[in-house]
Amino acid sequence: MGSDHSDGITYHHPANEDEVIALVRQARADNALLRVRGSAHSVPGAIYAPHDTGRPTVHLLLDRMIAASFDDTTRRATAQAGCHLGKDPSDPTRSSTWENGLFPQIDARGWAVPDMGGIIHQSVGGFLSTASSGGSLLHSIYDAIVAVRLVDGTGNVRTFHRDEGGADNPFFATVPSMGLLGVITEVTFQCLPRYHVIGTETTHDVDKSPIDLFGDGPTSLRAWAERTEHVRALWWPQRGVERVTFWEARRMEADDYNAETGTPDAFRPRKYELMEKVFGSRKTAQTLANKVFRTFGRLNPPPPRSLLSKLTDRTLAGLYAPTIKAFLPTGEKSRKRFWDLWWKALPMDNEASDTLLPTEFTEAWIPLERAHEAMVALRELFRKGGFLSTGTHATELYVGKKSPFWLSPGFGEHTFRIDLFWFAKNEGHAEKHFYPQHWELLEPFQPRYHWGKHLPVAPAALRPRFPRWDDFLRLRAQLDPDGIFLTPYWKERLGI
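Residues numbered from 1 in each chain as written. Predicted model: local features only at pLDDT ≥ 70, side-chain atom pairs only at ≥ 80, totals over all residues. Heavy atoms only, no water.

K.L.:
I'd like a rundown of the overall build of the protein, residues and numbers included.
P.N.:
When its secondary structure is counted, the protein shows 15 helices and 19 strands. A globule of 496 residues ought to have a C-alpha radius of gyration of about 23 Å, and the protein, at 23 Å, matches this closely. If one aligns the C-alpha atoms of the protein with their principal axes, the spans along those axes are about 60 × 60 × 45 Å. Within the protein, the fraction of its 496 residues that count as buried is 58%. A total of about 20600 Å² of accessible surface is found on the protein, and carbon and sulfur atoms cover 51% of it. (Helix = DSSP H or I, 4+ residues; strand = E, 2+ residues; numbered from the N terminus. Rg over C-alpha atoms; globule rule 2.2 N^0.38 Å. Buried < 20%, exposed > 50% of the residue type's maximum accessible area, 1.4 Å probe, protein only. Areas by Shrake-Rupley, 256 points an atom, 1.4 Å probe, with all protein chains shown as cover.)

Have a look at this one:
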């Protein structure tokens, strides 16, 4: 039942819920820690159980639990937790395909979900466990979740329904729950009719941008997000670059269909291209980008250097801006138009290679009305700190619709999301050498954070920002009384 994969961990591969129950009960009897791996897009501490706690460890991979079923009467889709949203190109079992991905199967029935994240490699259970989200104030995939089924820490099966009770319904504790309430085995989505998406992407010099990154008026980032269905901005704040790329999209309406797009029934998509082709290949473009990030990565931030290394760094710093700007033309040269199926257009980063462009980030969610203040504060930090603060990658700017889920970073309010990127092949460690300055800067804005990415260890500060924090912890203790899902990583971050 166990097998080794490239990450050096031995996994159990349960084929059904009964086998999950047996594994959970055995782990409880053995006083073991049990965790589930999805597509491993979270930081390792959020996923795995460490081997140095004195407790045995059990790791599950749900690659044999990928079935999906559909109710045509209610337009509902129920997927086992191991089912991927799309195709995971890094799936260690190589069982993930487009054909068995949930979204392609939903689309084949003429259905859709309201939104999704920037990629669809993730498994159903993994995606929902950490509050991953798309960039919209109008739509959220969490609006579509109507039931969650899991095996709790005692080996009992529990099913939570959205329509049972009000705000105190424990259903709203299940997403996100970071694997701390149990092993999610099944999720049911309320789908809507299929739609197509149309959008544009353009790049501007920040000081000439039609959208004001730092203001709070009718041309502000907030106003743009409030009037646009789906948004994402990539800000390159480094001195000499100072450019921003705006990606925006909306659902197509009747007037959008024409000779170029075709009709709803005879649709002719134009795919969104994350990067322009080089010598006819997007892989070549990403390989080149990999070389650029590797070259300049020593500036992000530099460890102690010899005199010769410092001279090299000074030369690299001078070359950085013209090199990056060569990849970022502005104005009409940068303009991209696209229209496509919902599940192909909205995950705009899906073609990015995790091997060539491995990216880590911390994602701060702050109240939407304070977006301009946070941007001004970041601008000042970046101006003073140079590469030590900006890094050599972009800063991603998103928004998020308010959520009723207890530990969602968007609980109860619309949010502005700041993703500070770190190229994973850089020297040094982002969590130690890069992010502390940003966490400190943003603390006055009382941010919440994406649970699957780099987190500041500050449970005392985070606790009052989640009104249902204690309710979640009480439910966690009830469903997992022996703490078989509770690793030291999560104990520390939740203050348990």
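K.L.:
Pulling in residues and values, what's your account of the packing of aromatic side chains?
P.N.:
Inspection of the entire model under this criterion finds 27 aromatic pairs. With 5.1 Å between their ring centres and 80 degrees between their planes, Phe171 and Phe172 make a pair best called edge-to-face. Exposure class is identical for Phe171 and Phe172. Each is buried. Members of the aromatic cluster, joined through ring pairs, are Trp451, Phe466, Trp469, Tyr489 and Trp490. Geometry around Phe214 places Arg379 over its ring, the cationic atom sitting 4.2 Å from the centre. Note that Arg493 overlies the ring of Tyr489, its terminal NZ or CZ placed 3.7 Å from the centroid. (Phe/Tyr/Trp six-rings, centres within 6.5 Å; stacked < 30°, edge-to-face > 60°. Lys NZ or Arg CZ within 6 Å of the ring centre and 35° of its normal.)

K.L.:
Residue-level account of the sheet that holds strand S18 (residues 415-423), with values.
P.N.:
Strand pairing within a sheet occurs via backbone hydrogen bonds; the two strands may be parallel or antiparallel. Pairing is antiparallel in the open sheet, where eight strands are placed in the order S15-S12-S14-S13-S17-S18-S16-S19. Lying at the two open borders of the sheet, with one neighbouring strand each, are strand S15 (336-341) and strand S19 (448-449). With six bridges joining them, strand S12 (residues 196-205) and S15 adopt antiparallel strand pairing. Pairing of Gly199 across the sheet is with Phe338, part of S15. (Pairing = 2+ DSSP bridges.)

K.L.:
How would you explain the layout of surface pockets if you had to name every residue and give the values?
P.N.:
Over the atoms rolls a probe the size of a water molecule, and in doing so it shows where empty space is left. Its volume calculated, the second largest pocket comes out at about 530 Å³. Along the walls of the second largest pocket sit 21 residues, with Trp98, His121, Lys271, Asn350 and Glu351 positioned nearest its centre. Class assignment for the residues of the lining of the second largest pocket results in 10 nonpolar, five polar and six charged. (1 Å grid on protein atoms, 1.4 Å probe; cavity = no way out; pocket = protein on both sides within 12 Å on 5 of 7 lines; lining within 4 Å. Points joined across faces, edges and corners; volume = space filled by probe spheres on them. Nonpolar A, V, L, I, M, F, W, Y, C, P; charged D, E, K, R; others polar.)

K.L.:
Quick rundown of the packing of helix H6 (residues 282-296) against helix H7 (residues 307-327)? Include the residues and the values.
P.N.:
H7 packs onto H6 with a crossing angle of 160 degrees between their chain directions and a minimal axis gap of 11 Å. Here H6 lies roughly antiparallel to H7, going by the angle between them. By crossing handedness, the relation of H6 to H7 is classed as left-handed. Within the contact between the two elements, H6 uses Leu288, Val292, Thr295 and Phe296 and H7 uses Leu316, Leu319, Tyr320, Thr323, Ile324 and Phe327. Tallied by class, the residues present in the contact of H6 with H7 amount to eight nonpolar, two polar and no charged. (Axes fitted to C-alpha atoms, helices over the stretch in contact; angles between N-to-C directions. Parallel < 35°, antiparallel > 145°, perpendicular 65-115°, else oblique. Left-handed = near helix turned anticlockwise from the far one by under 90°. Contact = heavy atoms within 4.5 Å.)

K.L.:
Explain helix H9 (residues 371-385) to me, using residue names and the numbers behind them.
P.N.:
Helical periodicity: at 3.6 residues per turn, an α-helix aligns residues three or four positions apart in one direction. The terminal C-alpha atoms of H9 lie 21 Å apart, and with 15 residues this matches the ideal 21 Å at 1.5 Å per residue to within 8%. Listed in full, the buried residues belonging to H9 are Ala371, Ala374, Met375, Ala377, Leu378, Leu381 and Phe382. The buried residues of H9 occupy an angular sector of 160 degrees when the element is viewed end-on, so they sit on one face. Immediately downstream of H9, the backbone of Gly386 shows phi near 60 degrees, a positive value. (Expected span 1.5 Å × (residues − 1). Arc of directions from axis to C-beta.)

K.L.:
Account for the pattern of salt bridges, naming residues and giving values.
P.N.:
For the structure on display, the rule yields 30 salt bridges. Here Glu396 and Arg232 are joined by a salt bridge, their closest N and O atoms 2.5 Å apart. One end of the pair, Glu396, is in strand S17 (residues 395-400); the other, Arg232, is in strand S13 (residues 230-236), with 164 residues separating them in the sequence. In terms of burial, Glu396 and Arg232 fall into one category: buried. Between Glu373 and Arg370 there is a salt bridge, with its nearest N and O atoms 3.2 Å apart. Its relative accessible area of 34% is what places Glu373 among the partly exposed residues. A cluster of three or more residues bridged by salt bridges with shared partners is formed by Asp168, Arg468, Asp471 and Arg474. (Salt bridge = Lys/Arg side-chain N within 4 Å of Asp/Glu carboxyl O.)

K.L.:
Tell me what's going on with empty space enclosed by the protein, and back it up with residues and numbers.
P.N.:
Evaluated as defined, the whole model comprises four cavities of 30 Å³ or more. Along its surface, the largest cavity is lined by Ser133, Ser136, His139, Ser140, Tyr142, Trp365, Lys401, Ser403, Ser408 and Gly410. Split into classes, the residues belonging to the lining of the largest cavity amount to two nonpolar, seven polar and one charged. Here the second largest cavity is characterised by a volume of approximately 60 Å³. Forming the walls of the second largest cavity are Asp115, Met116, Gly117, Gly118, Gly134, Gly135, His230, Val231, Trp247, Leu346, Met348 and Tyr398.

K.L.:
Go over H7 with me, naming the residues and quoting the values.
P.N.:
With 21 residues, H7 should cover 30 Å at 1.5 Å per step; its first-to-last C-alpha distance of 31 Å lies within 8% of that length. Considering bend angle alone, the principal kink of H7 is centred on Tyr320 and spans about 35 degrees; proline Pro322 follows within four residues of it. Ser309, Asp313, Leu316, Tyr320, Ala321 and Ile324 are the residues of H7 that are buried. Where H7 is buried, its residues touch S13, H6 and helix H10 (387-390). (Bend = angle between axes of the 7 residues up to and from the residue.)

K.L.:
Explain the pairing of strand S6 (residues 76-80) to me, using residue names and the numbers behind them.
P.N.:
For S6, the tally of buried residues reaches four of five residues, placing the bulk of the element in the interior. Two elements, strand S5 (residues 68-71) and S6, share four bridges in a ladder whose sense is antiparallel. Residue pairing in the sheet places Phe70 in a bridge with Ala77 of S6. In textbook terms, the turn of a hairpin is the stretch between consecutive antiparallel strands, and for S5 and S6 this stretch comprises four residues, one of which, Arg75, has a positive phi near 55 degrees.

K.L.:
Please provide a residue-by-residue account of the sheet that holds strand S10 (residues 183-190), values included.
P.N.:
If you walk across this open sheet you meet the five strands as S5-S6-S10-S8-S9, and the pairing is antiparallel. Both outer strands of the open sheet, S5 and strand S9 (157-161), are each paired with one neighbouring strand and no more. Adjacent strand axes in the sheet meet at a mean angle of 15 degrees when their direction is disregarded. Together, strand S8 (145-151), S9 and S10 form the strand contacts of helix H1 (residues 17-29), whose direction differs from that of S8 by roughly 50 degrees.

K.L.:
Report on the pairing of S18, specifying residues and quantitative values.
P.N.:
Counted residue by residue, S18 has nine buried out of nine residues, so it is predominantly covered. Of the two faces of S18, both are covered, the one formed by Thr415, Arg417, Asp419, Phe421 and Phe423 as well as the one formed by Phe416, Ile418, Leu420 and Trp422. Two strands pair when backbone bridges link them, and strand S16 (residues 359-367) and S18 are joined in this way by nine bridges, in the antiparallel orientation. Looking at S18, one finds that Ala364 is bridged to Ile418.

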